[in-house]
Amino acid sequence: LNRSNEICASWHASGVKTWQDMMTKEFIVGGTGGGSQMETMPEAFNKIFGTKIKVISGYNAGNEVYLAMERGEVMGRCGVSYSSIMSTRPDWLPTQKVFAPVQLSLKRSKTFPDTPAIIEFAKDEATRQTLEILLAYQDMDRPIIVPPGVSNERVATLRKAFHEAMNDPAFIAEAQKQRLEIEEVDGDLLAKGVNATFALPRDRIEAAKAALASGK
């Protein structure tokens, strides 16, 4: 249905507006517990890049982290989709109540053309490949899947129907009404991406696991 265009979101009073700020200033963010992207991504970026992100864990849901930002309990949230912000806090980005220092992505989103993607800061090919593994999920945000053994003809029919649904004017209008992003990810392209990720060297897979491992 959509690529997961995630960002680190910083509250306007935090003093953190850019990637350079994240490298030089402590950035206190809220999290919902071990395993959530709000905690695993900051952990990984601290290890890979040396950012200074500190996670305050224990919030029950992402919306509680938003409230904590408004109350000044935390400075932001690292691992939040554009759709999430626009559907619940549509005024935040237009009025600059929050900033997007970096996109947690392999390429810049058209929504944030001036905000760098995290992949741009990879210093070498090994780091780039590690990030490709960590962020491979982005093209698989809420995928529609079928079990093994489905015929190629059936798969082609389903992909055609999906493509037509994603481009149906009424569907698009309803998504816009709800402030939801729709950016179709082609099934064939998705399959190629999965295969490419699995083909990466074993040491890069181990590096990605290590980056996600909690240091607590």
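Conventions adopted
Residues numbered from 1 in each chain as written. Predicted model: local features only at pLDDT ≥ 70, side-chain atom pairs only at ≥ 80, totals over all residues. Heavy atoms only, no water. Helix = DSSP H or I, 4+ residues; strand = E, 2+ residues; numbered from the N terminus. Buried < 20%, exposed > 50% of the residue type's maximum accessible area, 1.4 Å probe, protein only. Contact = heavy atoms within 4.5 Å. Areas by Shrake-Rupley, 256 points an atom, 1.4 Å probe, with all protein chains shown as cover. Lys, Arg positive; Asp, Glu negative; His and termini not counted. Charge placed at Lys NZ, Arg CZ, Asp CG, Glu CD. Axes fitted to C-alpha atoms, helices over the stretch in contact; angles between N-to-C directions. Parallel < 35°, antiparallel > 145°, perpendicular 65-115°, else oblique. Left-handed = near helix turned anticlockwise from the far one by under 90°. Nonpolar A, V, L, I, M, F, W, Y, C, P; charged D, E, K, R; others polar. Arc of directions from axis to C-beta. Salt bridge = Lys/Arg side-chain N within 4 Å of Asp/Glu carboxyl O. Disulfide = S-S within 2.5 Å. Polar contact = N/O pair within 3.5 Å; in protein donor to acceptor, adjacent residues only side chain to side chain.

(A) Representation of the overall build of the protein chain within the structure. In terms of helices and strands, the protein chain carries 9 helices and 5 strands. When the elements of the protein chain are put in sequence order from the N terminus, they spell out β-α-β-α-β-α-β-α-β-α-α-α-α-α. Taken over 216 residues, the protein chain has a buried fraction of 41%. A separation threshold of at least 6 residues defines the contact pool for the protein chain, and within that pool the share at least 24 residues apart is 69%. Surface accessibility of the protein chain: about 11700 Å² in total, with carbon and sulfur atoms responsible for 54%. Taking the average place of the 26 positive charges on the side chains of the protein chain and the average place of its 27 negative ones, the gap between the two points comes to 3 Å.

(B) Region of the structure containing the packing of helix H5 (residues 125-134) against helix H9 (residues 202-212). Here H5 crosses H9 at 65°, and the two axes come no closer than 9 Å. Classified by the angle between their axes, H5 and H9 sit roughly perpendicular to one another. Seen along the crossing, H5 lies across H9 with a hand that is right-handed. Counting all contacts with H5, which are made through Ala126, Gln129, Thr130, Ile133 and Leu134, the residues of H9 involved are Arg204, Ile205, Ala207, Ala208, Ala211 and Leu212. When its residues are assigned to classes, the contact of H5 with H9 shows 8 nonpolar, 2 polar and 1 charged.

(C) Structural view of H9. Among the residues making up H9, those that are buried are Arg204, Ala208 and Ala211. Relative to the axis of H9, the buried residues are bounded by an arc of 60° and lie together on one face. Tucked inside the fold, the buried residues of H9 contact helix H2 (37-49) and H5.

(D) Summary view of the packing of H2 against H9. The contact between H2 and H9 brings their axes to 7 Å, and the two run at 115°. As summarised for this structure, H2 and H9 are arranged roughly perpendicular, according to the angle between their axes. Two secondary-structure elements touch here, H2 through Thr40, Met41, Glu43, Ala44, Lys47 and Ile48 and H9 through Ala210, Ala211 and Leu212. Taken together, the residues of the contact of H2 with H9 sort by class into 6 nonpolar, 1 polar and 2 charged.

(E) Spotlight on unusual backbone geometry. At Gln96, a position not held by glycine, the phi torsion is positive, near 60°. Along the chain, the position of Gln96 falls in the loop between helix H4 (82-88) and strand E5 (98-103).

(F) Local environment of the pattern of salt bridges. Enumeration according to the criterion identifies 11 salt bridges in this entry. Among the salt bridges present, the one from Asp91 reaches Lys97, with a minimum N-O distance of 3.2 Å. Classification of Lys97 as partly exposed rests on a relative accessible area of 32%. Residue Lys192 pairs with Asp188 through a salt bridge whose shortest N-O separation is 3.4 Å. Placement of both Lys192 and Asp188 in helix H8 (residues 187-198) is noted, with a separation of 4 residues, approximately one turn of the helix. Residue Lys192 is classed as exposed on the basis of its relative accessible area of 52%. A single network of salt bridges, built from pairs that share partners, joins Arg202, Glu206 and Lys209.

(G) A look at the state of the cysteines. Enumeration according to the criterion identifies 1 disulfide in this entry. Note on cysteine connectivity: Cys8 is disulfide-linked to Cys78, with sulfurs 1.7 Å apart. Residue Cys8 is located in strand E1 (residues 6-11), and its partner Cys78 is located in strand E4 (residues 76-81); the two are separated by 70 residues in the primary sequence. Cys78 shares its class with Cys8; the two are buried.

(H) Examining the side chain of Gln103 more closely. Within the secondary structure, Gln103 is located in strand E5. Engagement of the side chain of Gln103 in a polar contact is seen with the backbone oxygen of Phe112, the distance being 2.8 Å. Beyond its immediate chain neighbours, meaning those up to four positions away, Gln103 contacts Glu6, Ile7, Arg108, Ser109, Phe112, Thr115, Pro116, Ala117 and Ile118.

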